[in-house]
Amino acid sequence: MSSSLIITGVVAGAGVTAYTTGCGKGFQADRATSLAITTTSTVAMGLGGTLMNHHTMDEIHQKYGSAYIESMSDEELVEALESLNLLAASSDEEKTSKLV
Amino acid sequence: MKKEERQKWKQQIKLCEKFGAKRFQKVVFGVEKAKFKVLKTIAPNFIEYYDKYCDWKKKKALKRAKTQEEKDMIIQRAQFEKMAMRKEFHQEKNRNYHMDSKKPTEIYQYLEWNKGVHKKGMIKNAILLPIFIGGSIMGVPGALPLAIFELLSAGINFECINIQNYNIGRYKIMEETMKKREARTVKKDIEEFGQASEVIYSTMKKKEDLPSWDEILQGIRNPEQLKQFREMLLREQSNRVAEKGGVRI
């Protein structure tokens with residue numbers, strides 16, 4: 001979370017600085033330049049937002065994942081482990097047959 | 001936490017202990033153990049009936065929902081409620097009485113909710129008890145046993161509120177530590193099982209009901225996800241063995 005905030009701050013700050021430098025101090029930037037600067041700062045905000053959302057999505061995934069596993073009975077956990085072992089064994093067999 | 005606030009919570013804990021919080025808590029755990037034994041004996045298919053109840057509630061709520069976001073929330077709530085009840089039933093731990101070591105801050109809402117239920121009970125007792133006592137004095141048939149019942153109910157409600165105040169006090173003192181612990185646990189889980197959790201999430205998002213384990217398996221695409229699933233299940237098994245102190249099945 002903190003690294004996402006730092007990245008958001010830096011990138012958005014760069015965009016905003018570019019915008020204010022270009023359009024501030026009474027200087028009227030030409031239309032194409034101001035559009036380019038506005039787009040950069042919007043993309044910077046969006047990128048920062050995406051990075052933060054990605055971190056929040058990880059937490060959402062974790063919430064779903066842990067709730068599902070914790071809801072399984074002891075017997076279901078054992079069966080699930082056996083099915084994973086079978087899946088691992090069958091994918092090993094496939095790799096071996098491909099090599100042959 | 002400020003020193004004065006900590007002192008306030010400690011005083012609350014001491015007062016609750018004077019009113020028998022620790023002793024009554026043992027009674028509550030004993031009743032809980034008996035409850036699950038009886039439930040599993042007379043209703044081994046309890047989960048199926050509970051699922052149907054959740055689906056009925058979900059259907060009613062979906063009819064009233066106006067936006068897709070609201071509908072998604074309702075579906076999500078029903079899924080989590082089913083999972084929470086399965087966890088309670090399989091592990092024989094009422095969510096109101098047991099703190100989840102991975103999500104310790106979650107207990108607070110259950111403590112407050114449970115306290116609210118017993119507060120409403122006490123209000124009912126306060127209204128009915130004088131009526132039944134008056135009735136028994138006037139010789140109304142059946143009023144005396146009802147008065148005794150309300151008196152017992154009031155005593156139980158009082159002790160339950162007392163236990164919740166006791167546990168709320170203990171929670172509040174540890175709250176900051178628990179929040180940090182929870183944040184560390186979530187971060188570690190994301191690092192170790194992030195891909196596996198994502199598979200579970202995407203599978204659950206595809207349907208309204210809980211997916212079966214086979215449906216989850218079909219979502220596994222690479223060896224890393226398989227490895228994370230295996231480690232996730234093994235860790236869950238080992239946590240349960242540590243908590244039960246029993247033999248692994």
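Everything below is about the structure printed above this text.
The numbers attached to residues start from 1 for each chain and follow its sequence in the written order. Starting at A for chains and at 1 for ligands, labels are handed out in the order in which the entities are written. Local features are withheld for residues below a pLDDT of 70 in this predicted model, meaning they are given only at 70 or higher, and side-chain atom pairs are given and counted only at 80 or more; totals for whole chains, interfaces and linings count all residues. The basis for every side-chain value is the complete set of heavy atoms in the structure, and neither hydrogens nor water enter the calculation.

Novice: Sorry if this is basic, but what is going on with the interface of chain A and chain B here?
Specialist: When the parts of a complex come together, some accessible area is lost, and that lost area is often taken as the interface size. Listed by partner, the interface residues are 29 residues for chain A and 37 residues for chain B. Counting the surface lost from both chain A and chain B, the interface buries some 3,200 Å², and carbon and sulfur atoms represent 70% of this. When the buried surface of chain A facing chain B is broken down by residue, A:Y64, A:Y68 and A:E70 rank first, second and third, together holding 26% of it. With its nearest N and O atoms 3.0 Å apart, the salt bridge here joins A:D74 to B:R240. Any pair of residues with heavy atoms lying within 4.5 Å of one another is described as a contacting pair. Reported buried area values correspond to the accessible surface (1.4 Å probe) lost by two parts on association, with both partners' losses combined. When a carboxyl oxygen of Asp or Glu lies within 4 Å of a side-chain nitrogen of Lys or Arg, that pair is called a salt bridge.

Novice: Would you mind going over empty space enclosed by the protein with me for this structure?
Specialist: If a probe the size of a water molecule is rolled over the atoms, the empty space left behind becomes visible. Cavities and pockets were defined on a 1 Å grid built over protein atoms only: a cavity is a set of grid points that admits a 1.4 Å probe from which the probe cannot escape, a pocket is an open set flanked by protein on both sides within 12 Å along at least five of seven lines, and lining residues are those with an atom within 4 Å of any such point. Grid points are joined across faces, edges and corners, and a volume is the space filled by probe spheres set on the points. According to the stated counting rule, one finds 2 cavities of 30 Å³ or more in the structure shown. Each pocket or cavity is described by its volume, and for the largest cavity that value is around 90 Å³. What lines the largest cavity is simply A:Q62, A:G65, A:S66, A:I69, B:K102, B:D189, B:F193, B:S197, B:M232, B:R235 and B:E236. Only runs of H or I of at least four residues qualify as helices and only runs of E of at least two qualify as strands under DSSP, and these elements are numbered from the N terminus. Those elements that provide at least two residues to the lining of the largest cavity are helix 2 (31-70) of chain A together with helix 6 (143-205) and helix 8 (223-244) of chain B. Top contributing element to the lining of the largest cavity by residue count: helix 2 of chain A, with 4 residues. In this classification, Asp, Glu, Lys and Arg are treated as charged, Ala, Val, Leu, Ile, Met, Phe, Trp, Tyr, Cys and Pro as nonpolar, and every other residue, Gly included, as polar. Residue composition of the lining of the largest cavity, by class: 3 nonpolar, 4 polar and 4 charged. Size it by volume and the second largest cavity reaches roughly 30 Å³. As for the second largest cavity, its lining consists of A:Q62, A:S66, A:E70, B:K102, B:K103, B:V186 and B:D189. Of all the elements in the fold, those that place two or more residues in the lining of the second largest cavity are helix 2 of chain A together with helix 6 of chain B. The greatest single-element share of the lining of the second largest cavity, amounting to 3 residues, is contributed by helix 2 of chain A. Per-class residue counts for the lining of the second largest cavity are 1 nonpolar, 2 polar and 4 charged.

Novice: Is there a simple way to explain the packing of helix 2 (residues 21-42) of chain B against helix 6 of chain B in this structure?
Specialist: For any two helices packed against each other, one specifies the inter-axial angle together with the distance between the axes. All names here are of chain B. Under this scheme, a helix contributes an axis fitted over its contacting stretch, all axes are lines through C-alpha atoms, and angles between N-to-C directions fall in the 0 to 180 degree range. Two elements in contact, helix 2 and helix 6, have axes separated by 9 Å at closest approach and are oriented at 110 degrees. Between helix 2 and helix 6, the angle falls in the class roughly perpendicular. Contact residues: helix 2 offers A21, K22, F24, Q25 and V28, while helix 6 offers I156, E159, C160, N162, I163, Y166, N167 and R170. The class makeup of the residues in the contact of helix 2 with helix 6 is 7 nonpolar, 3 polar and 3 charged. For classification, angles of less than 35 degrees are called roughly parallel, those exceeding 145 degrees roughly antiparallel, those between 65 and 115 degrees roughly perpendicular, and all remaining angles oblique.

Novice: Help me understand the environment of B:D51 in this model?
Specialist: All names here are of chain B. As for its placement among the helices and strands, D51 is situated in helix 3 (residues 46-64). With a relative accessible area of 14%, D51 lands in the buried category. Sequence-wise, D51 and L210 are 159 residues apart; in three dimensions their C-alpha atoms are separated by 9.7 Å. If sequence neighbours within four positions are ignored, D51 has contacts with K82 and R86. Per-residue accessibility, obtained with a 1.4 Å probe over protein chains only, is compared with the maximum for each type, and a residue is labelled buried under 20%, exposed over 50%, and partly exposed between these values.

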